[in-house]
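# Inside the fold
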Amino acid sequence: MEATARVRGFRAERTTPLTVVTDAFDQVWSEAGARPFLVLNVVTAFWASAIFTIAHRTNSLALTAFGFWCVRDVLSVTRRVFRFWVVRTARLKKSQYYTFGFGRLEVLLSFTSSVITLLAAVYTLAESIERISPHPEVHANHLAMWSASAAVVHLMILRVLDEPVMPRSRPGMGGSTHSLDLDLGWLSLASLVLLLVSSIALAITPVATIVDTFSAIGIAALLGIAAIPGVESAALILMQTVPLETVQRIQNSLREMATFEGILEFQHQHFWIVHEGELAGSLHVRVRRDANSQTVLAQVSNKLAHLIAPRNLTVQVVKDDWMQAAIPVTPGYHSAPDRGEIEV
């Protein structure tokens, strides 16, 4: 008598946006260093809501403008939490479905938050200009107290994040990518001074509503100045550009490698930034027929290791075929204004 058994297939797991977010949250929560930032994210979101509520009740446009600084704090903490998830996923083994990780998602999140901050600054600026002529009444009840508490919380968040408005120099990236040299702390401090001056002026004389309007204009302008570098930096990374200094260093390395034994030329060079502080690239190396491909591959990888991590570098070694006519190949061309053409 033969025993029979029913073969049952595996139940397919349903993937929904909720399950993806839940899994990502579990992964971040498992990181001990990410838990304080998760709590801080909730606290900053609650505090930003409280600031907008008080601003609506008091009809203070300066406090509303500073509320968008609090929104920027929430987005900054969110990016820090997301960075823990990016670092965790970067430990996965690279495959055909997983190549350079999720670093570009972090850049996209940075670009989105900077654009939101910039739009908030433009909106506040437009609202402030409309209120210059008519002077609506501003209720100064407890406005100075809320302004002072908002200043304290904002400075504490900046202290925890230690986030500059300009990207600092990183190894392998060739220095600063912007001409401005502003610090987020100074911009925030100037905004806080404007907010406190407006609150104190309204506490002394409630008819000084024009001070609240002009303080809102100044705070919105400073918020826009803080957002512009983040938009520019993230946009350049998303467009796969490379800083000019880094292009020059890559060009010098390629020229030095062109003198190595067996190497004839480099073709199809393409280098780009995966995310801040990390480069990726690919190129074809045409070598002599008698050259050792593994030796050439090791030499190229070692020479570019100080600029590009080996896991982000793809090198294709092509043996020279004297029977085939030479085909002109255009070197990797960088369309951005701050990049140049890499030639050997």
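Basis of the calculations
- Residues numbered from 1 in each chain as written.
- Predicted model: local features only at pLDDT ≥ 70, side-chain atom pairs only at ≥ 80, totals over all residues.
- Heavy atoms only, no water.
- Pairing = 2+ DSSP bridges.
- Helix = DSSP H or I, 4+ residues; strand = E, 2+ residues; numbered from the N terminus.
- Axes fitted to C-alpha atoms, helices over the stretch in contact; angles between N-to-C directions.
- Contact = heavy atoms within 4.5 Å.
- Core = buried A, V, L, I, M, F, W, Y, C linked by side-chain atoms within 4.5 Å.
- Buried < 20%, exposed > 50% of the residue type's maximum accessible area, 1.4 Å probe, protein only.
- pLDDT = per-residue confidence, 0-100.
- Parallel < 35°, antiparallel > 145°, perpendicular 65-115°, else oblique.
- Nonpolar A, V, L, I, M, F, W, Y, C, P; charged D, E, K, R; others polar.
- Expected span 1.5 Å × (residues − 1).
- Polar contact = N/O pair within 3.5 Å; in protein donor to acceptor, adjacent residues only side chain to side chain.
- Salt bridge = Lys/Arg side-chain N within 4 Å of Asp/Glu carboxyl O.

## Thoughts on the sheet that holds strand β1 (residues 263–275)
Here 3 strands make up an open sheet; going across it, the order is β1-β2-β3 and the pairing mixed. A strand with exactly one partner marks an edge of an open sheet, and here the two such strands are β1 and β3 (313–319). Strand-to-strand twist across the sheet, computed as the mean angle between neighbouring axes with direction ignored, equals 10 degrees. Examined bridge by bridge, β1 and strand β2 (residues 278–287) share 9 bridges and lie antiparallel to one another. Counted as the bridge partner of glutamine 267 is histidine 284 from β2. Relative to the sheet, helix α8 (residues 244–257) contacts β1 and β2, its axis offset from that of β1 by approximately 155 degrees.

## What to know about the nonpolar core
Of all hydrophobic cores here, the largest spans 31 residues; its most connected members are Ile51, Leu63, Phe66, Trp69, Cys70, Leu195 and Ile219. When residues of this core are traced back to their parent elements, those giving at least two are α2 (35–58), α3 (61–89), α4 (103–130), α5 (143–161), α6 (184–204) and α7 (209–238). Counting residues per element, this core draws most heavily on α3, at 9 residues. Among the nonpolar cores identified, the runner-up in size contains 24 residues, and Ile273, Leu279, Leu304 and Leu313 belong to it.

## What about the confidence of the model for the chain?
Scored by pLDDT, the chain has a mean of 77; 78% of the residues are at 70 or more. Mean pLDDT across the elements of the chain ranges from a minimum in helix α1 (residues 17–29), with 73, to a maximum in α7, with 90. Across residues 7–12, where pLDDT falls below 50, the model places 0 contacts with residues more than four positions away in sequence or in other chains. Under a pLDDT of 50 for its full length, residues 164–181 has, in the predicted model, 41 contacts with residues more than four places off or in other chains.

## Overview of the pairing of β3
The side chains of a regular strand alternate between both faces of the sheet. As paired elements, β2 and β3 share 7 bridges and run parallel to each other. When the sheet's bridge partners are listed, serine 282 is paired in β3 with threonine 314.

## Considerations on unusual backbone geometry
The backbone phi angle of glutamine 240 is positive, close to 60 degrees, even though this residue is not glycine. Its location among the elements puts glutamine 240 in the loop between α7 and α8. Glutamine 240 gets classed as partly exposed once you look at its relative accessible area, which sits at 33%. Unusually for a residue other than glycine, histidine 268 sits at a positive phi of about 55 degrees. You can see histidine 268 is positioned in strand β1. Its relative accessible area of 41% is what places histidine 268 among the partly exposed residues.

## Brief notes about the packing of α5 against α6
Interhelical geometry of α5 versus α6 gives an angle of 170 degrees and a closest axis separation of 9 Å. Looking at the two axes, α5 sits roughly antiparallel to α6. Of α6, the residues touching α5 (which contributes Leu143, Ala144, Ser147, Ala148, Ala151, His154, Leu155 and Leu158) are Leu184, Ser188, Leu192, Leu195, Leu196, Ser199 and Leu202. Split into classes, the residues belonging to the contact of α5 with α6 amount to 11 nonpolar, 4 polar and no charged.

## Points about α3
If you check α3, its first and last C-alpha atoms are 42 Å apart, about what 29 residues at 1.5 Å a residue would give, namely 42 Å. With 21 of 29 residues buried, α3 lies mostly within the body of the structure. Between a side-chain oxygen at the N-terminus of α3 and the backbone nitrogen of leucine 63 the separation is 3.2 Å; the capping residue is serine 60.

## Focus: the pattern of salt bridges
Inspection of the entire model under this criterion finds 5 salt bridges. Here arginine 83 and glutamate 106 are joined by a salt bridge, their closest N and O atoms 2.7 Å apart. Separated by 23 residues along the polypeptide, arginine 83 in helix α3 and glutamate 106 in helix α4 bring together distant segments of the chain. Taking the relative accessible area as the measure of exposure, arginine 83 reaches 35% and is therefore partly exposed. Of the residues examined, glutamate 106 reaches a relative accessible area of 14% and is grouped as buried. Arginine 288 serves as the salt-bridge partner of aspartate 290, at 3.2 Å between the closest nitrogen and oxygen. A relative accessible area of 62% places aspartate 290 in the exposed class. Shared partners join several salt bridges into a network, and the residues in it are Glu261, Arg288 and Asp290.

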